[in-house]
Amino acid sequence: MNLEFTRMKFLAVIAVMVVVTSSVLFFNVSEDVCSSDAPQYPSEREQWWSSVMGPAPTETEREHTSKMINKQMKMVNRGAYRDAGVNGWQNQGPDNIGGRVRAIAINPDNTDHIFIGAVAGGIWRSLDAGATWTEVTSTEQAYPVTYITYNPDNSSVMYATTGELVGSRTQRGIGILKSTNGGASWSILPGTSGAGFYWLSKIICNPLDPDILYAAGSNADINGGNGTGILYRSDDAGANWYTMYLESIAPISRNIFDVEISSLDTAEVSLGTDRQGLITFNSGVSWLSFMGSDPLIETQANYNPMRCEVAYCDDSPTTIYLSRYLENASNDSITMSQLWRSTDSGLA
């Protein structure tokens, strides 16, 4: 198969992912986040929180995180960032939850209703366009939320994935969450709270049949090791799941970050792993890689791909974009970001 990709120029390099949870440098637990089911005595509370967040970071991890923060702050001051409108954004809060915001979802029927997911703070909701926020998950569900999505036919039904498997710190998830009341409350889908579902990056609905769900991530063990990228599928709104794809095309990745469906043909599904982009035209019966030598996406010498994400163009569904973040093999402080484009769904 001949995939003809055109490499596009980047004017602003903004794909550096800084994994910063407040548990790395400082963590301030508010009573709004930790409900009364948490131990009340300081010594017991510290032990309980340690069991939730995992072992404390090493001095090496702290130094690495500090360096990454300083590097990102320097980049923000560059003209490319200012020209991209960064300084025109306004803080919408809530400012009192652990970790950075990784997920955001806006109600398609009421844009004042916004949901965010934090890597250590659960799911929060605003009903007034971000002016105020309320936590809608309990302490047991205050784990790293990686993605939130709506059922396209019914905005009362929502899904969220959990599990942060990226960067120097990892925080295991609790499975896939579902809400049937517009996000007012959430529950864990049966069968997704154990092995194989600790580390999930994204969940989407089939636009033609929203009861068909795709959840991408890793089947790593409880500590984030011994895993490969995996794509799950459910045909009954999350009641049951089966493996649609387990990474088998070199270079094998340990995580699938992204999954997208073509609006022209839902048998066409694209994936972004930590190493490459993949596509199927037959609902997962067979898969093809975007990577290779020209005209495919070549792999730069001395650089290791670390994260790939894909997107279909709404106005031209045969156009696929793939963004890629790479690190120098001998010096991970030297990075590269790229954007690639196919205008023919990968067909010659």
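Conventions adopted
Residues numbered from 1 in each chain as written. Predicted model: local features only at pLDDT ≥ 70, side-chain atom pairs only at ≥ 80, totals over all residues. Heavy atoms only, no water. Helix = DSSP H or I, 4+ residues; strand = E, 2+ residues; numbered from the N terminus. Buried < 20%, exposed > 50% of the residue type's maximum accessible area, 1.4 Å probe, protein only. Areas by Shrake-Rupley, 256 points an atom, 1.4 Å probe, with all protein chains shown as cover. Phe/Tyr/Trp six-rings, centres within 6.5 Å; stacked < 30°, edge-to-face > 60°. Pairing = 2+ DSSP bridges. Salt bridge = Lys/Arg side-chain N within 4 Å of Asp/Glu carboxyl O. Contact = heavy atoms within 4.5 Å. pLDDT = per-residue confidence, 0-100. Polar contact = N/O pair within 3.5 Å; in protein donor to acceptor, adjacent residues only side chain to side chain. Patch = residues over 30% accessible without salt bridge, like charges linked within 9 Å, V, L, I, M, F, W, Y side chains within 5 Å. Lys, Arg positive; Asp, Glu negative; His and termini not counted. Charge placed at Lys NZ, Arg CZ, Asp CG, Glu CD.

### Regarding the overall build of the protein chain
Okay, step 1: Counting its secondary structure elements, the protein chain contains four helices and 22 strands.
Okay, step 2: Counting only residues that meet the buried cut, the protein chain has 48% of its 348 residues in that class.
Okay, step 3: Here the protein chain displays about 16,400 Å² of accessible surface, and carbon together with sulfur accounts for 51% of that area.

### Re the packing of aromatic side chains
Okay, step 1: Tallied over the entire structure, the rule returns three aromatic pairs.
Okay, step 2: Look at Phe 197 and Tyr 232: their rings are 4.3 Å apart centre to centre, the planes differ by 15°, and that puts the pair in the stacked class. Residue Phe 197 is found in the loop between strand 11 (187-188) and strand 12 (199-205), and its partner Tyr 232 is found in strand 14 (residues 229-234); the two are separated by 35 residues along the sequence.
Okay, step 3: For Tyr 232, a relative accessible area of 7% puts it in the buried group.
Okay, step 4: Aromatic side chains Tyr 245 and Trp 287 sit 4.8 Å apart centroid to centroid with 40° between the ring planes, which places their arrangement in the tilted category. Of this pair, Tyr 245 sits in strand 15 (residues 242-246) while Trp 287 is found in the loop between strand 18 (277-280) and strand 19 (288-289), placing the two residues 42 residues apart along the sequence.

### Comments concerning the sheet that holds strand 16 (residues 256-261)
Okay, step 1: Spatial ordering of the open sheet is given by 16-17-18-19, a layout of four strands whose pairing is antiparallel. Each edge of the sheet is formed by a strand with only one pairing partner; in this case those strands are strand 16 and strand 19.

### Describing the pattern of salt bridges
Okay, step 1: Using the criterion set out here, one finds six salt bridges in the structure.
Okay, step 2: We note a salt bridge from Glu 164 to Arg 102, for which the minimum N-O separation is 2.4 Å. Of this pair, Glu 164 sits in strand 8 (residues 164-165) while Arg 102 sits in strand 2 (residues 101-106); the two residues are 62 residues apart in sequence, bridging distant segments of the chain. Comparing Glu 164 with Arg 102, the two get one shared label, buried.

### Some thoughts on the sheet that holds strand 3 (residues 114-118)
Okay, step 1: Ordered by their spatial adjacency, four strands build an open sheet running 2-3-4-5, and the pairing between neighbours is antiparallel. Taken across any chain shown, the strands that pair with only one partner, and hence form the sheet edges, are strand 2 and strand 5 (134-135).
Okay, step 2: Pairing between strand 2 and strand 3: five bridges, direction antiparallel. Counterpart to Ala 103 in the pairing with strand 3 is Gly 117.

### What to know about the environment of Ala 267
Okay, step 1: Its location among the elements puts Ala 267 in the loop between strand 16 and strand 17 (269-273).
Okay, step 2: What makes Ala 267 buried here is its relative accessible area of 16%.
Okay, step 3: Note: C-alpha distance between Ala 267 and Ser 283 (16 residues apart in sequence) is 4.4 Å.
Okay, step 4: Excluding anything up to four places from it in sequence, Ala 267 contacts Thr 280, Phe 281, Asn 282 and Ser 283.

### Quick notes on the pairing of strand 13 (residues 213-218)
Okay, step 1: By the criterion of burial, strand 13 is predominantly enclosed, with six of the six residues buried.
Okay, step 2: By the alternation rule, side chains of strand 13 split into Leu 213, Ala 215 and Gly 217 and Tyr 214, Ala 216 and Ser 218, which are all buried.
Okay, step 3: Looking at chain direction, strand 12 and strand 13 are connected through six bridges and run antiparallel. The partner of Lys 202 across the bridge, within strand 13, is Ala 216.
Okay, step 4: Pairing of strand 13 with strand 14 involves six bridges; the strand directions are antiparallel. Note on strand 14: the bridge partner recorded for Ser 218 is Gly 229.

### Quick word on unusual backbone geometry
Okay, step 1: Put simply, Ala 250 and Pro 251 share a cis peptide bond, and its omega is 0°.
Okay, step 2: Examined against the element boundaries, Pro 251 turns out to sit in the loop between strand 15 and strand 16.
Okay, step 3: One non-glycine residue, Ala 129, lies in the positive phi region at around 60°.
Okay, step 4: Take Ala 129: it is sitting in the loop between strand 4 (122-126) and strand 5.
Okay, step 5: Even without a glycine there, the phi angle at Ser 283 is positive, about 60°.

### Some points on the confidence of the model for the protein chain
Detailed conclusions should not be drawn from predicted coordinates in areas where pLDDT is low.
Okay, step 1: With 71% of its residues at a pLDDT of at least 70, the protein chain reaches an overall mean of 80.
Okay, step 2: Ranking the helices and strands of the protein chain by mean pLDDT puts strand 7 (residues 154-162) first, with 97, and helix 1 (residues 22-25) last, with 36.
Okay, step 3: Scored below 50 in pLDDT, residues 1-36 makes 99 contacts in the model with residues more than four places away or belonging to other chains.

### A few points about the side chain of Ser 218
Okay, step 1: When you line up the elements, Ser 218 lands in strand 13.
Okay, step 2: The buried category is assigned to Ser 218, whose relative accessible area is 0%.
Okay, step 3: Looking at Ser 218, its side chain comes within polar contact range of the main-chain nitrogen of Ala 220, at 3.1 Å.
Okay, step 4: Within polar-contact distance, the side chain of Ser 218 engages the backbone oxygen of Arg 254 at 2.7 Å.
Okay, step 5: Among all residues touching Ser 218, those that are not within four sequence positions of it are Leu 165, Gly 196, Trp 199, Gly 227, Thr 228, Gly 229, Ile 230, Arg 254 and Asn 255.

### Topic: a negative patch on the surface
Okay, step 1: Taken together, the side chains of Asp 153, Asp 209, Asp 211 and Asp 236 make up a negatively charged region of the molecular surface.
Okay, step 2: If you trace the backbone, Asp 211 turns up in the loop between strand 12 and strand 13.
Okay, step 3: Since its relative accessible area comes to 37%, Asp 211 is described here as partly exposed.

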